[in-house]
There are 2 protein chains.
Amino acid sequence: MQDLNTAQVEQVTLNFPKRDSEWPYQALGPAYAAGIAYTDDRYVPVADARISLLDWGFTRSDACQDTISVYDGQFFRLEDHLERFERSWKSLRLENPLSRDEVRDVVRKLVAMGGWRDAYIQIIMTRGTPPVGSRDPRLCKNRFHAFAIPYVWIANPEAQQRGLKVHVSDICRVPAQSVSPLIKHYHWLDFEMGLFEALDHGQDTVLLKNIEGYVAEGPGFNVFAVSDGHLLTPRSSALDGMTRRTVLEIAKEVGIEAAEVDLSVAALQDADEAFLTTTAGGLLPIATVNGATLGSAPGSVTGRLHGEYWGRRASGWLSSPALYW
Amino acid sequence: MQDLNTAQVEQVTLNFPKRDSEWPYQALGPAYAAGIAYTDDRYVPVADARISLLDWGFTRSDACQDTISVYDGQFFRLEDHLERFERSWKSLRLENPLSRDEVRDVVRKLVAMGGWRDAYIQIIMTRGTPPVGSRDPRLCKNRFHAFAIPYVWIANPEAQQRGLKVHVSDICRVPAQSVSPLIKHYHWLDFEMGLFEALDHGQDTVLLKNIEGYVAEGPGFNVFAVSDGHLLTPRSSALDGMTRRTVLEIAKEVGIEAAEVDLSVAALQDADEAFLTTTAGGLLPIATVNGATLGSAPGSVTGRLHGEYWGRRASGWLSSPALYW
């Protein structure tokens, strides 16, 4: 943490990819413009997509998901997402009625039907409902659902450029002792309450701690600190985020040292730079932590990784083309 | 814990209330027999009740509920349930579009329309969805839902009489550091995975520990041990269950000492008797804990409290009549 008045804040300009709002393609009518869902084996406008009020995916949050992005007509790490999704539902002892090929097909069709160059897709498994009178989870008919909507940024463009103001809450992320953090699940009340706290404090978003008191993750993102040119990121109680994984891979390739550590709030506040990673925005710089201004936002390491990330994506790295009708 | 071969298992016969399956009344057609829901301001057959796939009540499990029972045409502690429900949604900073009178009215109408003498009702609040492109929880339109179905017992009649075989899992109940246990929420993946474990071990149901390693609660129930004639029940990390509360009140009135304690697994296994408490069944005796047979099942204290509970309910204690058309 630097003194707010004397801090020499280095300023790097981030080149975010242009959003192709001009893309004229729309395969279906306006009812589908806001999004398309696949549920009960049918494609419907997302506004009409529903799940049963009795599905244990709702009444027990007995569900898992994966979030996939398309940018400039390219899926990013599609097979890795499909693999992580399978790991999630298998861990929950769910049976997917669709094969991996069928899931991939649904994902591709949703994007093709929407015609979006930039899209945000969720694939979802729910426990479903047991026979009437039974409470046996083994007897439930498991269900697959999916939806695609135009790409969502986790923060608005101003906040992306100036860096996010992050509140660290004392609320703990649901611990691994309760639910494996390797399952991408919907237990988010901790994040939701933390988000209210952050907004109460005039901050943009929130980071939760793990049960041991170290920094864990935020709603939909992982976090990295940059200290003396090295990357530090929480080692446990955090989702195996796809963008986190990507940043660690890029860092290795370009020779930036990275370590998975117990990251204290003090260490994050003392960092030279920090950023968060998310499918809904890539790398986003952090400007302040609990009101303390970081060394620089965005800093040079953040800027370099940000450039590598979007540059590689633009060149088709780990990407596969979306198909349009 | 006693030796399985030499244990002198005292056997008390529990008089469970007769299920009035003969009740001939059915206000609506057969489509409504399985249950009725109130959602989007309409009453629909429960099979048709849906919530939006995009409701944060699903995609963030940002929701709370309360479960109410009707037995022999009598609501039990209806106002207490409505009050606890309000505490839950206020804690989550939700706004209920319905007043308490309107919620009560929906609950009464659901039961009247179903015509059930014995019913299980859930009232639910979900965060709803924010405006397109926003991720601000303050901007979500919160929603109220409810459903009523014929009364569900948490265990079948045989298991109720012989006592339940309970598995204690090493999985921890989502801790208070993450989500307040005073909110009746849907974060149940810990219970669900524990339930699979229990079934794998040939047991009827599961108890989770709290993060400190003491016995916490099971899926939809609290637990009591009886030791030297006294009641012991977990003091924290457990839902403020309505039947738990009722048993503590009855115990006080009839002069059975009760204490809220840190209950170890060993203490539960060493107990003379044990039982669980739930809206879906009242008091249900526990026969074994991790395979160890308890002193008696059902034991005399369990039998006495069970008799008091159902006897008082039959006499209209803390009850209000359901209305039928």
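Just above sits the structure.
Structural notes, computed from the coordinates.

**Section: the pairing of strand β12 (residues 230–234) of chain A**
Residues and elements named next belong to chain A. Both strand β11 (residues 222–227) and β12 contribute to a ladder of three bridges, which runs antiparallel. Across the sheet, residue A225 finds its bridge partner in β12, namely L232. Between the antiparallel neighbours β11 and β12 lie two residues, among them D228 with a positive phi of about 50 degrees. Bridging between β12 and strand β13 (residues 258–261) involves four bridges; their strand directions are parallel. Directly across from L231, in β13, lies its bridge partner A258.

**Side note on the pattern of salt bridges**
In a structure, side chains of opposite charge can pair up when their charged atoms sit close to one another. If you walk through the whole model with that rule in mind, you get 50 salt bridges over all chains. R93 of chain B is the partner of D200 of chain A in a salt bridge, and the nearest nitrogen-oxygen pair spans 2.8 Å. Here D200 of chain A, found in helix α5 (residues 189–200), pairs with R93 of chain B, found in the loop between α2 (78–91) and α3 (100–114), and the two come from separate chains. For the salt bridge of D101 of chain B with R104 of chain B, the shortest nitrogen-to-oxygen distance reads 2.8 Å. Separated by three residues within a single helix, D101 of chain B and R104 of chain B lie in helix α3, roughly one turn from each other. According to the relative accessible area criterion, R104 of chain B is buried, its value standing at 18%. The structure contains a network of salt bridges with shared partners spanning E79, E86, K90, R100, D101 and R104 of chain A.

**Re the sheet that holds strand β2 (residues 42–45) of chain B**
Residues and elements named next belong to chain B. The seven strands lie next to each other as β2-β1-β7-β6-β4-β5-β17, forming an open sheet whose pairing is antiparallel. Of all the strands in the sheet, the pair left with one neighbour each is β2 and β17 (319–321). Within this sheet the neighbouring strands show an average axis-to-axis angle of 25 degrees, counted without direction. Examined bridge by bridge, strand β5 (residues 74–76) and β17 share three bridges and lie antiparallel to one another. When the bridges of β17 are listed, F75 appears paired with S320.

**A word on the packing of aromatic side chains**
Residue and element names in this part refer to chain A. With the rule as written, the count across this model stands at 22 aromatic pairs over all chains. Between Y38 and F144, the aromatic rings sit 6.0 Å apart at their centres with planes inclined by 55 degrees, giving tilted as the arrangement. You can see Y38 sitting in strand β1 (residues 36–39) and its partner F144 sitting in strand β7 (residues 143–150), a full 106 residues away along the chain. Comparing Y38 with F144 shows no difference in burial state: the two are buried. Put simply, the rings of Y71, F76, Y151, Y309, W310 and W317 touch in pairs and so form one group of aromatic residues.

**Section: the relation of the copies chain B and chain A**
When chain B is fitted to chain A, the residual RMSD is 0.0 Å, and the transformation amounts to a turn of 180 degrees plus an axial shift of 0.0 Å. Taken together, the rotation angle and the small translation identify this as a two-fold axis. A share of 100% of the interface residues of chain B reappears at the interface of chain A, consistent with the copies meeting face to face through the same patch.

**Notes on the nonpolar core**
Core analysis: the largest hydrophobic core is formed by 82 residues, its most contacted members being F144 of chain A together with F144 of chain B. The residues touching F144 of chain B, leaving out its near neighbours within four places in the chain, are Y38, F85, N96, P97, L98, V103, V106, I123, I124 and M125 of chain B.

**Brief notes about the interface of chain B and chain A**
If you look at the interface, chain B gives 57 residues, while chain A gives 57 residues. Here chain B is connected to chain A by four salt bridges. At the boundary of chain B with chain A, the tally comes to 19 residue pairs in polar contact (both at pLDDT 80 or more). Inspection of the sheet shows strand β3 (residues 50–52) of chain A paired to strand β3 (residues 50–52) of chain B by three bridges, in the antiparallel sense. Within β3 of chain B, the residue paired with R50 of chain A across the bridge is S52 of chain B.

**Quick look at the sheet that holds β7 of chain A**
Residues and elements named next belong to chain A. As summarised here, the arrangement of the seven strands in space is β2-β1-β7-β6-β4-β5-β17, forming an open sheet in which the pairing is antiparallel. The outermost strands of the open sheet, each flanked by one partner alone, are β2 (42–45) and β17 (319–321). When strand polarity is set aside, the average angle formed by the axes of neighbouring strands in this sheet is 25 degrees. Here β1 pairs with β2 via four bridges, running antiparallel. Pairing of I36 across the sheet is with P45, part of β2.

**Re the pairing of strand β4 (residues 63–71) of chain A**
All names here are of chain A. The buried fraction of β4 is high, at nine of nine residues. Because side chains alternate across β4, one face comprises the buried residues A63, Q65, T67, S69 and Y71, and the other comprises C64, D66, I68 and V70, equally buried. In this sheet, strand β6 (residues 119–126) lies alongside β4 in antiparallel orientation, the contact comprising eight bridges. What sits directly across from Q65, in β6, is I124. Across two bridges, the pairing between β4 and strand β5 (residues 74–76) is antiparallel.

How each quantity is defined
- Residues numbered from 1 in each chain as written.
- Chains lettered and ligands numbered in written order.
- Predicted model: local features only at pLDDT ≥ 70, side-chain atom pairs only at ≥ 80, totals over all residues.
- Heavy atoms only, no water.
- Pairing = 2+ DSSP bridges.
- Helix = DSSP H or I, 4+ residues; strand = E, 2+ residues; numbered from the N terminus.
- Salt bridge = Lys/Arg side-chain N within 4 Å of Asp/Glu carboxyl O.
- Buried < 20%, exposed > 50% of the residue type's maximum accessible area, 1.4 Å probe, protein only.
- Axes fitted to C-alpha atoms, helices over the stretch in contact; angles between N-to-C directions.
- Phe/Tyr/Trp six-rings, centres within 6.5 Å; stacked < 30°, edge-to-face > 60°.
- Least-squares fit on C-alpha atoms with pLDDT ≥ 70 in both.
- Contact = heavy atoms within 4.5 Å.
- Core = buried A, V, L, I, M, F, W, Y, C linked by side-chain atoms within 4.5 Å.
- Polar contact = N/O pair within 3.5 Å; in protein donor to acceptor, adjacent residues only side chain to side chain.

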